[in-house]
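# A closer look at the structure
Each chain is listed here by its residues.
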Amino acid sequence: EVQLQASGGGLVQPGGSLRLSCAASGSTFDDYAIGWFRQAPGKEREAILYISSSDGVTWYADSVKGRFTTSSDSAKNTVYLQINNLKPEDTAVYYCAAALKDVVHTYPPPGFNFHSWGPGTQVTVSS
(Lines give C-alpha, C1' and ligand atoms only; values in the text may rest on other atoms or scores of the structure.)
Protein backbone atom coordinates (compact mmCIF):
# COMPACT_ATOMS: atom_id res chain seq x y z
CA GLU A 1 0.00 0.00 0.00
CA VAL A 2 1.33 3.41 -0.93
CA GLN A 3 2.25 5.88 1.82
CA LEU A 4 2.17 9.61 1.14
CA GLN A 5 3.81 12.63 2.70
CA ALA A 6 2.91 16.19 1.75
CA SER A 7 5.36 19.02 2.33
CA GLY A 8 6.25 22.51 1.15
CA GLY A 9 3.67 24.59 2.97
CA GLY A 10 4.46 27.85 4.66
CA LEU A 11 3.56 31.51 5.10
CA VAL A 12 3.10 33.42 1.85
CA GLN A 13 1.85 36.91 1.03
CA PRO A 14 -1.24 37.34 -1.15
CA GLY A 15 -0.31 37.06 -4.80
CA GLY A 16 2.65 34.85 -4.06
CA SER A 17 3.33 31.31 -5.18
CA LEU A 18 4.10 28.03 -3.51
CA ARG A 19 4.89 24.50 -4.63
CA LEU A 20 3.71 21.60 -2.54
CA SER A 21 5.24 18.14 -2.81
CA CYS A 22 3.71 14.74 -2.28
CA ALA A 23 6.25 11.96 -1.96
CA ALA A 24 5.20 8.34 -2.26
CA SER A 25 6.73 5.27 -0.69
CA GLY A 26 5.78 1.62 -0.70
CA SER A 27 4.62 1.87 -4.29
CA THR A 28 4.80 4.17 -7.29
CA PHE A 29 2.33 6.81 -8.38
CA ASP A 30 1.90 4.92 -11.63
CA ASP A 31 -0.31 2.47 -9.72
CA TYR A 32 -2.70 5.11 -8.39
CA ALA A 33 -4.76 8.17 -9.12
CA ILE A 34 -3.88 11.25 -7.04
CA GLY A 35 -6.14 13.77 -5.40
CA TRP A 36 -5.36 17.00 -3.57
CA PHE A 37 -7.61 18.21 -0.77
CA ARG A 38 -7.59 21.11 1.64
CA GLN A 39 -9.36 21.95 4.86
CA ALA A 40 -9.55 25.30 6.59
CA PRO A 41 -10.41 25.58 10.30
CA GLY A 42 -14.16 25.32 10.82
CA LYS A 43 -14.79 24.31 7.23
CA GLU A 44 -15.42 21.04 5.45
CA ARG A 45 -12.69 19.26 3.56
CA GLU A 46 -12.59 20.39 -0.05
CA ALA A 47 -11.34 18.45 -3.06
CA ILE A 48 -9.35 20.79 -5.28
CA LEU A 49 -7.57 18.62 -7.85
CA TYR A 50 -7.73 15.08 -9.17
CA ILE A 51 -5.70 13.37 -11.86
CA SER A 52 -5.72 9.84 -13.17
CA SER A 53 -3.40 9.30 -16.10
CA SER A 54 -4.65 5.78 -16.76
CA ASP A 55 -8.27 6.97 -16.86
CA GLY A 56 -7.41 10.10 -18.81
CA VAL A 57 -9.11 12.32 -16.25
CA THR A 58 -8.00 15.67 -14.86
CA TRP A 59 -10.32 17.69 -12.65
CA TYR A 60 -9.90 21.05 -10.91
CA ALA A 61 -12.24 22.71 -8.47
CA ASP A 62 -13.59 26.06 -9.61
CA SER A 63 -11.97 27.71 -6.61
CA VAL A 64 -8.48 26.86 -7.88
CA LYS A 65 -8.91 26.55 -11.63
CA GLY A 66 -6.39 28.68 -13.51
CA ARG A 67 -4.15 29.10 -10.45
CA PHE A 68 -3.26 25.54 -9.41
CA THR A 69 -1.44 23.02 -11.59
CA THR A 70 0.05 19.59 -11.00
CA SER A 71 3.22 17.95 -12.23
CA SER A 72 5.33 14.92 -11.36
CA ASP A 73 8.87 13.63 -11.18
CA SER A 74 8.92 9.90 -11.82
CA ALA A 75 12.57 9.54 -10.78
CA LYS A 76 11.74 10.95 -7.33
CA ASN A 77 8.32 9.28 -7.16
CA THR A 78 6.88 12.66 -6.28
CA VAL A 79 3.97 14.75 -7.49
CA TYR A 80 3.76 18.52 -7.12
CA LEU A 81 1.04 21.07 -6.71
CA GLN A 82 2.02 24.49 -8.02
CA ILE A 83 -0.08 27.21 -6.44
CA ASN A 84 -0.01 30.66 -8.02
CA ASN A 85 -1.66 33.96 -7.15
CA LEU A 86 -2.38 32.84 -3.62
CA LYS A 87 -5.34 34.38 -1.84
CA PRO A 88 -6.14 34.57 1.88
CA GLU A 89 -8.99 32.12 1.31
CA ASP A 90 -6.41 29.54 0.20
CA THR A 91 -5.24 29.26 3.80
CA ALA A 92 -5.75 25.64 4.83
CA VAL A 93 -4.07 22.35 5.53
CA TYR A 94 -3.36 20.67 2.22
CA TYR A 95 -3.42 16.90 1.79
CA CYS A 96 -2.53 14.54 -1.01
CA ALA A 97 -4.31 11.23 -1.28
CA ALA A 98 -4.23 8.13 -3.46
CA ALA A 99 -7.07 6.14 -4.97
CA LEU A 100 -6.98 2.90 -6.87
CA LYS A 101 -7.38 3.20 -10.59
CA ASP A 102 -10.92 3.39 -11.92
CA VAL A 103 -12.46 4.01 -8.49
CA VAL A 104 -13.33 7.71 -8.79
CA HIS A 105 -16.33 8.33 -11.02
CA THR A 106 -17.96 11.35 -9.37
CA TYR A 107 -16.67 14.91 -9.27
CA PRO A 108 -15.76 16.46 -6.95
CA PRO A 109 -14.17 13.14 -6.00
CA PRO A 110 -15.43 11.85 -2.63
CA GLY A 111 -12.88 11.47 0.12
CA PHE A 112 -13.88 7.87 0.79
CA ASN A 113 -12.60 6.91 -2.67
CA PHE A 114 -9.06 7.53 -1.42
CA HIS A 115 -7.54 4.83 0.74
CA SER A 116 -4.18 6.49 1.49
CA TRP A 117 -3.64 9.99 2.87
CA GLY A 118 -0.63 12.05 3.75
CA PRO A 119 -0.45 13.96 7.06
CA GLY A 120 -0.96 17.33 5.36
CA THR A 121 0.99 20.57 5.19
CA GLN A 122 -0.11 24.03 6.35
CA VAL A 123 -0.44 26.87 3.85
CA THR A 124 -1.03 30.32 5.31
CA VAL A 125 -1.66 33.32 3.07
CA SER A 126 -1.40 36.62 4.90
CA SER A 127 0.16 40.04 4.51
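The following paragraphs examine the structure supplied in this document. (Residues numbered from 1 in each chain as written. Predicted model: local features only at pLDDT ≥ 70, side-chain atom pairs only at ≥ 80, totals over all residues. Heavy atoms only, no water.)

### Some details on the nonpolar core
Spelled out, the test is: Only buried Ala, Val, Leu, Ile, Met, Phe, Trp, Tyr and Cys residues count toward a nonpolar core, and they belong to the same one when joined by side-chain atoms within 4.5 Å. Type-normalised accessible area, obtained with a 1.4 Å probe on protein chains alone, sets the label of each residue: buried when under 20%, exposed when over 50%, and partly exposed for intermediate values. A run of DSSP states H or I qualifies as a helix once it reaches four residues; a run of E qualifies as a strand once it reaches two. Both are numbered from the N-terminal end. Contact definition: two residues touch when any of their heavy atoms are within 4.5 Å.
Of all hydrophobic cores here, the largest spans 37 residues; its most connected members are Leu4, Leu20, Trp36, Ile48, Leu81 and Tyr94. For this core, the secondary structure elements donating two or more residues are strand E1 (3-7), strand E3 (18-25), strand E4 (32-39), strand E5 (46-52), strand E8 (78-83), strand E9 (92-100) and strand E11 (121-125). The dominant element in this core, judged by the number of residues it contributes, is E9, at six residues. Excluding its chain neighbours within four sequence positions, the residues that come into contact with tyrosine 94 are Ala6, Leu20, Phe37, Arg38, Ile48, Phe68, Leu81, Ile83, Gly120, Thr121 and Val123.

### A word on the side chain of aspartate 90
The condition that has to hold: In the analysis that follows, any N or O atom pair within 3.5 Å is treated as a polar contact, provided that within protein one partner can donate a hydrogen and the other can accept it, and provided that, for residues neighboring in sequence, both atoms belong to side chains.
Looking at the element boundaries, aspartate 90 is found in the loop between E8 and E9. Engagement of the side chain of aspartate 90 in a polar contact is seen with the side chain of arginine 67, the distance being 2.8 Å. Residue contacts for aspartate 90: discarding those within four places in its chain leaves Arg38, Arg67, Phe68, Asn85, Val123 and Val125.

### Observations regarding the pattern of salt bridges
Keep this limit in mind: Counted as salt bridges are all cases of a side-chain nitrogen of Lys or Arg within 4 Å of a carboxyl oxygen of Asp or Glu.
In this structure the tally under the stated criterion is four salt bridges. A salt bridge links glutamate 46 to arginine 38; the shortest N-O distance between them is 2.9 Å. Note that aspartate 62 is salt-bridged to lysine 65, the shortest N-O span being 3.4 Å.

Treat this as a map of the structure, not an account of what it does.
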